[in-house]
Amino acid sequence: MKADIDCIPCFFKQTVIALREATSDRSVSERVMREIASFVREVDLSENPAVITTVMHRMIRTLIGCDPYSDAKRRSNRAVLMLYPELGRMVSESDDPLLTTVRIAAAGNEIDFGLYSTIDIKGILNEAINGVFAINDYDAFRDALYSSESVMYLTDNAGEIVLDKLLISVIKDKGKHITVGVKGSSVINDATLKDAEETGITDLVAVIANSNDCVGTILEFCSNEFLDAFNSADVIISKGQANFETLSGIESIHLKNNKAIFYIFKVKCDVVAREVGVKKGDMILKGSGVKVTN
């Protein structure tokens, strides 16, 4: 998908949030904001928005000399881990644990300090219980999993990956071989191998870092190990809006016969809402248009 003029204020909003996380020095903030303003002035809006934000966040990290989200990521991991036992009981007592964990994972996609300065984790979980999917391909998702042998799960944010762990555990319990993909290095508050270790996902399944710091999953920059796992999986679970932005439209190139890709995310901007045909704030479980053989 392509960027839009509506992306421009979002670029500045992301910059402000990063600066508030990183520094209280007004002179530093002003200098960084002016540099980003110069960058945004020249961006090509025919480019993918995730590609633009990748370059922008590289600039921010370089200009301030640190990762602005390192503390926020640790805080969110710890906060959600405290809720994990309660959530586990909720899943085990539900009539359909797979559906329950999908709902929790989708609602948890709002744990995004890249776009929001405060996060209401309790409210997010309440939405998981009571919310509905604006696009709901759950039946196809369930059938694809049941007929598969291998699954690759592409994560999005730190903190949120604790909720992903619930879904990953349910899938693993069904006897599927599952590989989890994380970022190769820091970008916004996206999950890296360190976050997977902190939250215990590495103790549960194989985890592969994609070797880059791109927002979303840009396959041309991923390692051969990551691409091998991606290409050999029967089912791809793509978590988060940025993964949708970078992977949607590649199905005809990268998805072989009987492979399915499912996007699970919360719609966080009007540009993606228009692309998908829903409203900002909606939860999505959207499958690619591929045939699944039972």
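Basis of the calculations
Residues numbered from 1 in each chain as written. Predicted model: local features only at pLDDT ≥ 70, side-chain atom pairs only at ≥ 80, totals over all residues. Heavy atoms only, no water. Helix = DSSP H or I, 4+ residues; strand = E, 2+ residues; numbered from the N terminus. Rg over C-alpha atoms; globule rule 2.2 N^0.38 Å. Buried < 20%, exposed > 50% of the residue type's maximum accessible area, 1.4 Å probe, protein only. Contact = heavy atoms within 4.5 Å. Areas by Shrake-Rupley, 256 points an atom, 1.4 Å probe, with all protein chains shown as cover. Lys, Arg positive; Asp, Glu negative; His and termini not counted. Charge placed at Lys NZ, Arg CZ, Asp CG, Glu CD. Polar contact = N/O pair within 3.5 Å; in protein donor to acceptor, adjacent residues only side chain to side chain. Pairing = 2+ DSSP bridges. Right-handed = clockwise from strand over helix to strand, strands pointing away. Salt bridge = Lys/Arg side-chain N within 4 Å of Asp/Glu carboxyl O.

**Student:** It is not clear to me how the overall build of the protein should be interpreted in this structure. Could you clarify?
**Tutor:** Helix and strand counts for the protein stand at 14 helices and seven strands. Radius of gyration (C-alpha) of the protein: 18 Å, near the 19 Å computed for a compact globule of 294 residues. Along the first, second and third principal axes, the C-alpha set of the protein runs to 60 × 40 × 35 Å. Of all 294 residues assigned to the protein, the portion counted as buried reaches 56%. Long-range contacts, defined as pairs at least 24 residues apart, comprise 77% of the intrachain contacts of the protein with a sequence gap of at least 6. Surface summary for the protein: the accessible area is close to 12,700 Å², and the carbon and sulfur share equals 48%. Distance from the positive charge centre (33 side chains) to the negative charge centre (42 side chains) of the protein: 2 Å.

**Student:** Please explain the side chain of threonine 100 as it appears in this structure.
**Tutor:** Position of threonine 100 among the secondary structure elements: in helix H6 (residues 97–107). On the accessibility criterion, threonine 100 (16% relative accessible area) is buried. Apart from residues lying up to four places away in sequence, threonine 100 is in contact with Val91 and Ser94.

**Student:** Is there a simple way to explain the side chain of aspartate 164 in this structure?
**Tutor:** Examined against the element boundaries, aspartate 164 turns out to sit in helix H9 (residues 160–173). In terms of polar contacts, aspartate 164 uses its side chain to reach the side chain of lysine 239, at 2.5 Å.

**Student:** Would you take a moment to explain the pairing of strand E3 (residues 177–182) for this structure?
**Tutor:** Note on strand geometry: in a regular strand, side chains alternate between the two faces of the sheet. Within E3, five of the six residues are buried, which leaves it mostly tucked inside the rest of the structure. In this structure, strand E2 (residues 150–154) lies alongside E3, joined through five bridges in parallel fashion. Within the sheet, the bridge partner assigned to tyrosine 153 lies in E3 and is valine 180. On the question of chirality, the crossover connecting E2 to the parallel E3 by way of H9 is right-handed. The pairing of E3 with strand E4 (residues 206–209) spans four bridges and is parallel. Its bridge partner being in E4, valine 180 is matched across the sheet by valine 207.

**Student:** Got a minute to help me understand the environment of methionine 82 in this structure?
**Tutor:** With respect to the helices, strands and loops of the structure, methionine 82 is situated in the loop between helix H4 (70–81) and helix H5 (84–92). With a relative accessible area of 71%, methionine 82 lands in the exposed category. A C-alpha to C-alpha distance of 9.8 Å links methionine 82 and valine 162, two positions 80 residues apart in sequence.

**Student:** Quick question: what am I supposed to make of the pattern of salt bridges here?
**Tutor:** For side chains bearing opposite charge, pairing can occur when the charged atoms are close. On inspection of all chains with the given rule, the structure shows 14 salt bridges. A salt bridge links glutamate 21 to arginine 75, with the shortest nitrogen-to-oxygen separation between them at 3.7 Å. Within this pair, whereas glutamate 21 is found in helix H1 (residues 7–22), its partner arginine 75 is found in helix H4, the two being separated by 54 residues in sequence. The class of glutamate 21 is partly exposed, set by a relative accessible area of 26%. You can call arginine 75 partly exposed: its relative accessible area is 44%. One salt bridge in this structure joins aspartate 195 and lysine 73, with 3.2 Å as the shortest N-O distance. One end of the pair, aspartate 195, is in helix H10 (residues 193–198); the other, lysine 73, is in helix H4, and 122 residues separate them in sequence. Here aspartate 195 matches lysine 73 in class, with each residue buried.

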